[in-house]
Amino acid sequence: MSTIALKVNGKDVSAEVEDRTLLVELLREELKLTGTHIGCDTSQCGACVVHVDGVAMKSCTMFAIQADGAEIRTIEGVAQQGALHPMQAAFAEHHGLQCGFCTPGMIMTAIDMVRRLGSDLDEATIRHELEGNICRCTGYQNIVKAIQAGARAMASQ
Amino acid sequence: MDLGDIVKGSPPPAVVHKPKPHDSAAKHMTGEAVYVDDIRTPAGTLHAAPGYAPIAAGRVTKLDLDAVRKAPGVVDVLTADDIPGANDASPKGIGDEPVITPERIMFYGQVLFVVLAETRDQARRAARLARAATAPGMPMIDVDDAVVADSTVLPDYTFERGTPEDEIASAPRQLGGEFRIGGQEHFYLEGQVALAVPGEDGDMYVYSSTQHPSEVQHVVAHVLGLDSNAVTVEVRRMGGGFGGKESQATQWAVIAALGVRKTGRPCKIRLDRDDDMMMTGKRHDFRVDYKVGFSREGGIRGVDVTFAARCGYSEDLSLGVVDRTMFHADSGYFYPTVRILARRMRTNTVSNTAFRGFGGPQGKLFAERMIDHIAYSVGRDPLDVRKANLYGGAGRDRTPYNMRVEDNILPEIVNELERTSDYRDRRRALAEFNASSPVLKKGIALTPVKFGISFTLMHLNQAGALVHVYRDGSISLNHGGTEMGQGLFVKVAQVVAEEFGQELDRVKITATATDKVPNTGPTAASAGTDLNAQAAMAACRAIKERLFDFIEQEWGVGRDSVQFREGKVIIGNRAMDFGELAELAYRNRVSLSSTGFYKTPKITWDREKATGQPFFYFAYGAACSEVTIDTMTGEMRVNRVDILHDVGKSLNPAIDIGQIEGGFVQGMGWLTTEELVWDSAGRLMTHAPSTYKIPTASDVPEDFRVALYESGGNRADTIYRSKAVGEPPLMLATSVFSAILDAIISLKPAVMPRLDAPATPEAIMRAIRATGAGDP
Ligand code: FES
Ligand code: FES
């Protein structure tokens, strides 16, 4: 057991974790931030993507202990003062979801995509960048549309 | 405004037919939408993890659980001996699916015991410490093994009309063949999960990610030896179902309930993804053998086909699933004489189950493959052979099960798509491309879809709903359907809002629960909206009836002069808020709550005699796909897809288009990249997304054009003349498979390659080699 201190969605958090506790377990079980989902347990589906120091990470691939001192943002911390982030708004507007299970991970990945590649994203780039995020419901069409629109909206913000 | 005028004539619908967002969209954006795994568990909740059989067939001779019991955090272990009632999770209660097998092992991964521990991690680690001594038997793994052993889960079943063997023999041309159709893993993104909480008097409250709460309720009661009224099952939403949670969510819910029974503590189980893939059933895979006789132009005279399905170790839903294969072995084509024989093979593998299309896609894939075979052998464009064989008017409108196809719009849909997809010009361009491209080859195909709507098990075609209007005019809606992302809840809520003339946000959608609406069928067969929206409408109408009477009494205004619209109630030339009316009605002791019930009219099916009208109507569609294959590597890309699909008058076009796109891509995955592999010992080798390839965003063609077929609406009297849309679009993807065949054929015209599904790069290479193309 070790004690770690980190910032989650802007709040200081300290937690006792076992060495093998995964970041996703800390978020879901200890901090009750259940918007981060577990789809595959093995770092393939992307349902568990969060931002660690601003970078998209699959939280099932990372030990909680590795997040000591880091700043974490989960889907719950994306909307600011009750206003949806432009990427969230775009997913809602463009019907970028069905069951919604992949949605938080998709949004976290999409925001990171814009951070790295800018807001002028062509379709091929978005599709390529979504390699690590599986959606079993939508066929991705509306997700791609949402990301494109969300990226543009982020630029004009 | 003269209110008197407004009342004349009914206004156009304000909420239905509109592209309303999914009811939970806002909550999904912020992570607030709660799935079973997200429910805050009561203090002391235990976590269950299954231990499983390490062989596919045989017996357990000794199960040593000492190390398991001693492992950290372990509170208890469940074995078959802990089951107070029936040890059976089968949907029909026929005793062939032990919740925890006592001794006999029927597939690799069958549950032998269940660990209950303080944490999930502890339970899973402890499960590995068991030592099982076994006496292995000879497993039957694939269909061929079972055919040799003549091992089935159910008797063979046949549709037959005329004497196809004579017609085939006397037809100008004959051909035949054998091919394989692979299964499919559901990979609902949210895996199997359940949480059971003890109540008073031994009652059980179960949160289950299930498409069939009533069945979970009944089976939990049966296994625990309780009456059904002691068990309540609730499901707010699933993270995908696709059929994989129709019957196969039950076992896990039962295990959680058994954990409660044994320990008195709440108990939760969430399967690890690899375990989920290993322990739960999939789409049935098939071996298909066929013969067909036809004219020189490719007109079908007689068809004789045998389907052998891998059902797995138990019956599960294989009766209905494989029947639906037979019902759809015609795709959209008329077979003057026909025999369709289906065999349901019992194997030592996980029990195959419902999967979007419920066997239908496999039947249809056969038909398209046969048509392609005919077309290439007579040297015609497969589209022309397809069109020549479509159902037509009198004399060409009987299905192999003798139902008349009365609502056929396939010729119109196919013609329209042929035009809008520019099929003929592209076919020519493609031939030129292929002539000048030695390695890359293109193919194109346009295939129809016709899918029968209704459960073929007649009693499932019923639904119930419960609607309350509160004194402030807000509405609470409940029905027996479950939400798995398909948009059922929002569609039903649209219908309810429309009935009361309210905005959608005045309707509160509540979790499906067996203590609100009892004795429901599964949310399946694409029928969720058809059934539940009708039941909800019936409940609304019952309440409105009472309001009409009250209005008449109170103001002397007849119902013809009353309208519910724009949040108001217009009563003759007076208008009031709906809430105001609700309050007045309450004060005058009018009941504002009602159940509603619906059963599908007209349908009949006598399975024994194979006669009747099993389907209320058909849903239609067509897709045109173009692909490029690399003949050196077998790689394949879908270049463009055009879809024209019939949803009647859509209740919600945004939701429906989403279903079409998602269904198509899922079908494309089934037929191209998703390959299930078992080794000879019966171990599933593809038990994670690392080895089982689900389509990703970049597998989907950028040029993907989806249109809804414009029509006056469903000819059958369905809710707002809409049509079911859950399953039919999956079958649009057979156009991809036919297009791949088309590309391969271009190497050596008129030689039909043997291409099995899925058409993985390996399968494509095998097919190319088999044509002998490139051979000197
Ligand atoms: S749960 Fe982390 S990638 Fe699937
Ligand atoms: S919406 Fe269901 S997995 Fe993406």
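Residues numbered from 1 in each chain as written. Chains lettered and ligands numbered in written order. Predicted model: local features only at pLDDT ≥ 70, side-chain atom pairs only at ≥ 80, totals over all residues.

**Points about the pairing of strand 5 (residues 111–117) of chain B**
All names here are of chain B. Of all 7 residues in strand 5, 7 are buried; the element is thus mostly enclosed. Note that strand 3 (residues 74–78) and strand 5 share 4 bridges and pair antiparallel. Bridge assignment links Leu 78 to a residue of strand 5, and that residue is Val 114. (Buried ≥ 20, exposed ≤ 12 C-beta atoms within 10 Å, placed from the backbone. Helix = DSSP H or I, 4+ residues; strand = E, 2+ residues; numbered from the N terminus. Pairing = 2+ DSSP bridges.)

**So, the interface of chain A and chain B**
Chain A puts 43 residues into the contact, and the matching count from chain B is 42 residues. Within the residue set of the side of chain A that touches chain B, elements represented by two or more residues are helix 2 (86–93), helix 3 (103–117), helix 4 (123–129) and helix 5 (141–155) of chain A. Here the element with the most residues in the side of chain A that touches chain B is helix 4 of chain A; it accounts for 4 residues. For the side of chain A that touches chain B, the class distribution of residues is 19 nonpolar, 17 polar and 7 charged. (Contact = placed C-beta atoms within 7 Å. Nonpolar A, V, L, I, M, F, W, Y, C, P; charged D, E, K, R; others polar.)

**Focus: the nonpolar core**
In this structure, Val 115, Val 206, Val 220, Ala 256, Val 496, Ala 536 and Ile 740 of chain B are the most contacted members of the largest nonpolar core, which totals 298 residues. When neighbours within four sequence positions are excluded, Val 496 of chain B is seen to be in contact with Val 467, Ile 475, Leu 477, Val 507, Ala 536 and Cys 540 of chain B. (Core = buried A, V, L, I, M, F, W, Y, C linked by C-beta atoms within 7 Å.)

**Comments concerning the domain arrangement of chain A**
Residue and element names in this part refer to chain A. Parsing chain A into structural domains produces domain 1 (2–74) and domain 2 (86–155). For domain 1 versus domain 2, the separation of C-alpha centres amounts to 21 Å. Taken residue by residue, the interface counts 14 residues in domain 1 and 11 residues in domain 2. Breaking the side of domain 1 that touches domain 2 down by element, the ones donating at least two residues are strand 3 (49–52) and strand 4 (55–58). Among the elements that make up the side of domain 1 that touches domain 2, the one with the highest residue count is strand 3 (3 residues). (Domains from an automatic or database assignment.)

**A short note on helix 7 (residues 213–224) of chain B**
Residue and element names in this part refer to chain B. Along its 12 residues, helix 7 runs 16 Å from first to last C-alpha, staying within 8% of the 16 Å computed at 1.5 Å per residue. The buried fraction of helix 7 is high, at 9 of 12 residues. Turning to helix 7, its buried residues are Pro 213, Glu 215, Val 216, Gln 217, Val 219, Val 220, Ala 221, Val 223 and Leu 224. At its buried positions, helix 7 is contacted by strand 10 (204–208), strand 11 (231–235), helix 8 (250–263) and strand 20 (512–513). Phi for Gly 225, located one or two positions after helix 7, is positive at around 70°. (Expected span 1.5 Å × (residues − 1).)

**Description of the sheet that holds strand 15 (residues 337–346) of chain B**
Residue and element names in this part refer to chain B. Ordered by their spatial adjacency, 5 strands build an open sheet running 7-15-14-13-8, and the pairing between neighbours is mixed. At either margin of the open sheet sits one strand with a lone partner, and together these are strand 7 (152–161) and strand 8 (173–181). Mean inter-strand twist for the sheet, computed between neighbouring axes without regard to direction, equals 10°. Summarising the sheet, strand 13 (residues 286–294) and strand 14 (residues 300–312) pair through 9 bridges and their orientation is antiparallel. Pairing of Tyr 290 across the sheet is with Val 305, part of strand 14. Docked against the sheet, helix 11 (residues 360–378) engages strand 8, strand 13 and strand 14, running at close to 140° with respect to strand 8. (Axes fitted to C-alpha atoms, helices over the stretch in contact; angles between N-to-C directions.)

**A look at unusual backbone geometry**
Residues and elements named next belong to chain B. The residue after Ala 757, namely Pro 758, is reached through a cis peptide bond having omega 0°. Along the polypeptide, Pro 758 turns up in the loop between helix 19 (734–745) and helix 20 (761–771). In the Ramachandran plot, His 17 falls in the positive-phi region, its phi being about 70° despite a non-glycine side chain. Mapping His 17 onto the fold places it in the loop between helix 1 (3–7) and helix 2 (25–30). In the Ramachandran plot, Phe 242 falls in the positive-phi region, its phi being about 60° despite a non-glycine side chain. Structurally, the position occupied by Phe 242 is in the loop between strand 11 and helix 8.

**With respect to the packing of helix 11 of chain B against helix 19 of chain B**
Residue and element names in this part refer to chain B. It is the contact of helix 11 with helix 19, at a shortest axis distance of 10 Å, that shows an interaxial angle of 25°. On the basis of the axis angle, helix 11 is roughly parallel to helix 19. Of the two possible hands of crossing, helix 11 and helix 19 adopt the one that is right-handed. Of helix 19, the residues touching helix 11 (which contributes Lys 364, Leu 365, Glu 368, Asp 372 and Tyr 376) are Thr 734, Phe 737, Ser 738, Leu 741 and Ile 745. When its residues are assigned to classes, the contact of helix 11 with helix 19 shows 5 nonpolar, 2 polar and 3 charged. (Parallel < 35°, antiparallel > 145°, perpendicular 65-115°, else oblique. Left-handed = near helix turned anticlockwise from the far one by under 90°.)

**Some thoughts on the domain arrangement of chain B**
Residues and elements named next belong to chain B. When its domains are assigned, chain B resolves into domain 1 (3–33 + 462–599) and domain 2 (406–459 + 609–776). For domain 1 versus domain 2, the separation of C-alpha centres amounts to 38 Å. Contact with domain 1, which involves 22 residues of that partner, is made by 20 residues of domain 2. Of all the secondary structure elements, the ones that give two or more residues to the side of domain 1 that touches domain 2 are helix 15 (488–500) and helix 16 (528–555). Within the side of domain 1 that touches domain 2, the residues separate by chemical class into 8 nonpolar, 10 polar and 4 charged.

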